[in-house]
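Below are the chains, spelled out letter by letter.
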Amino acid sequence: MHNRQVVKVLTLDDFDLKGKTVFLRVDMNCPIDPQTREISGTKRIEEAIETLQSLKESKVVIGSHQGRVGNSEYTGMDKHAKVLEKLMGREIKYVEDTIGEAAQDAIKNLKDGEILLLDNLRLCAEENYEFTPENAAKTIMVSRLSKLFDLCVLDSFPSAHRSHPSIVGFAQVLPACAGRIVEREVRNLNEIMTVAKAPHVIILGGSKIPDRLEAIKLLIQNGRADHVLLTGLIGNVFMRAQARIKSPLGIKREDEVVAKAHSLIGEYPDVFATPVDIAIDREGQRVEMDVREMGKGDKILDLGPKTVEYYSKLIAGAGTVFISGPAGFFEKENFSYGTKALLNAVANSMATTIVSGGHLTTALKQQGLADKINHVSTAGGALVLYLTGEKLPMIKALEDAVIKYKSK
Ligand code: 3PG
């Protein structure tokens, strides 16, 4: 691979943590059941525990986001506090505030060994915008809260591609280091980058379409994608661009994203693979068909066997395979076939393998395949962007902190 990133960051082992008030940025952005509004997968909360254990002699203030303003997964963090409390078997303090007086008082009242979870950081308008690190340091969030902290620990690898105040701002004004998740991700990815070889096969599903389109272009331009095998909603966007799906998909900014997919296919005609056959639901039954046989209103819920066979051949010939996002409605047994079959093909290939995202991590675990994968990460979009060779804002903030901290 070109543009190898060898990253050096400070870790928790570089600091005396006893009695310190620490801001810990984690990513507890979890799937939320649309019906019950409860957390339906707790993997990212479980992952936060290792760093919390390393901070057991500090006063810890956790900040995280959940969902995006206006989407169905946007909620407060009260549920997360309860899950974390249950998982750790100890009290987790929670304040329904982010940067106001209530939050500041709760931080000032913390004792050594206590943990406080702030409310959804995206409640604070500033956390919904991207800033340069210098401007992020000037936000009200960072200027108010940083006075109360001795150290900033960045551990939200799944949001490392966002230059939000909590991710890049605190590190400008406080000593900063990586938490255990970021430390592990950086170490494993550094190692993988040194052995990864062509051909690079990228299998992409997922629903954050504009992010995916941008990443695909960078992956190809930077020599990280010889074949892009598309599944899920992004696959549908490309099939619409190929005029193989006739009816509108009903997604946000559809004309714009379909036009982008169309121009990518034109620019790189030999790179993309899209599904040949798919599965839909007919009165509760799985029905498989050629993409061209789909009727108006039919919703693609999975890949069909011909597509799995076609993709599996490309995976078998790969030097490096990266898979991100489920291939269908994997939570429903009837439509989990494609996701499971592709994961099997990845696990059994001779390539260096990386599996990314919460859904696939869960599916891997269920199939007992996690040990056969070189690197498994709950990060989705951030990891895709990391693999393009672009420097992620959080990683850059941590690298800058090495220079600042060491030169003191
Ligand atoms: C993710 O789940 O990919 C991260 O939490 C980032 O979320 P975002 O795309 O809403 O910034």
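Since we're looking at a predicted model, the values are computed, not measured.

Thresholds applied
- Residues numbered from 1 in each chain as written.
- Predicted model: local features only at pLDDT ≥ 70, side-chain atom pairs only at ≥ 80, totals over all residues.
- Heavy atoms only, no water.
- Pairing = 2+ DSSP bridges.
- Helix = DSSP H or I, 4+ residues; strand = E, 2+ residues; numbered from the N terminus.
- Contact = heavy atoms within 4.5 Å.
- Axes fitted to C-alpha atoms, helices over the stretch in contact; angles between N-to-C directions.
- Near = heavy atom within 4 Å.
- Polar contact = N/O pair within 3.5 Å; in protein donor to acceptor, adjacent residues only side chain to side chain.
- Areas by Shrake-Rupley, 256 points an atom, 1.4 Å probe, with all protein chains shown as cover.
- Phe/Tyr/Trp six-rings, centres within 6.5 Å; stacked < 30°, edge-to-face > 60°.
- Salt bridge = Lys/Arg side-chain N within 4 Å of Asp/Glu carboxyl O.
- Buried < 20%, exposed > 50% of the residue type's maximum accessible area, 1.4 Å probe, protein only.

S.K.: Describe the sheet that holds strand β8 (residues 227-230), and please don't skip the residues or the numbers.
M.R.: The 6 strands lie next to each other as β9-β8-β7-β13-β14-β15, forming an open sheet whose pairing is parallel. The sheet is open, and its two borders are formed by β9 (272-273) and β15 (375-377), each paired with just one other strand. Relative to β9, β8 runs parallel, the two sharing 2 bridges. When the sheet's bridge partners are listed, L229 is paired in β9 with A273. Docked against the sheet, helix α12 (residues 337-347) engages β7 (200-204), β13 (320-324) and β14 (352-356), running at close to 155° with respect to β13.

S.K.: Would you mind going over the site of the ligand in detail, with residue names and values included?
M.R.: Around the ligand, the neighbouring residues are D27, N29, R44, H65, R68, R122, P158, R162 and K208. D27 places a polar side-chain atom, nitrogen or oxygen, 2.7 Å from an oxygen atom of the ligand. Here H65 contributes a side-chain N or O atom positioned 2.9 Å from an oxygen atom of the ligand. Contact with the protein chains removes 92% of the 310 Å² of surface that the ligand exposes when unbound.

S.K.: Before we move on, can you summarise the environment of N128 with the specific residues and values?
M.R.: Relative to the helices and strands, N128 resides in the loop between β4 (115-118) and α4 (133-136). Residues within four places of N128 in sequence aside, it is in contact with V69, R122 and H164. Of the polar contacts made by the side chain of N128, one reaches the backbone oxygen of R122; its length is 3.0 Å.

S.K.: Could you give an account of the sheet that holds β4, with specific residues and numbers?
M.R.: Pairing within the open sheet is parallel, and its 6 strands lie in the order β3-β4-β2-β1-β5-β6. The two strands at the open ends of the sheet, each matched to only one other strand, are β3 (93-95) and β6 (176-178). Neighbour to neighbour, the strand axes of the sheet diverge by 25° on average, direction disregarded. Pairing between strand β1 (residues 21-25) and strand β5 (residues 151-154): 4 bridges, direction parallel. Residue pairing across strands places L24 opposite V153, the latter belonging to β5. Taken strand by strand, helix α6 (residues 165-173) contacts β1, β5 and β6, and its axis lies near 145° from that of β5.

S.K.: Residues and numbers for the packing of aromatic side chains, please.
M.R.: According to the stated counting rule, one finds 6 aromatic pairs in the structure shown. Clustering of aromatic rings is evident, with ring pairs tying together F23, F149 and F170.

S.K.: Give me the lowdown on the pattern of salt bridges, citing residues and values where you can.
M.R.: Inspection of the entire model under this criterion finds 21 salt bridges. Between D298 and R282 there is a salt bridge, with its nearest N and O atoms 2.9 Å apart. Taken together, the residues D298 in the loop between β11 (285-290) and β12 (302-303) and R282 in strand β10 (residues 277-282) connect sequence positions 16 residues apart. For K313, the salt bridge goes to E309, with nearest N and O atoms at 3.7 Å. Separated by 4 residues within a single helix, K313 and E309 lie in helix α11 (residues 305-316), roughly one turn from each other. Judged by relative accessible area, which is 60%, K313 ranks as exposed.

S.K.: Outline unusual backbone geometry, listing residues and values.
M.R.: Residue P199 follows A198 across a cis peptide bond; omega there is -5°. Among the secondary structure elements, P199 is positioned in the loop between α7 (180-195) and β7. Even without being glycine, A243 reaches a positive phi, approximately 60°. You can see A243 is positioned in the loop between α9 (232-241) and α10 (254-267). Backbone geometry places E283, a non-glycine residue, at a positive phi of 50°.

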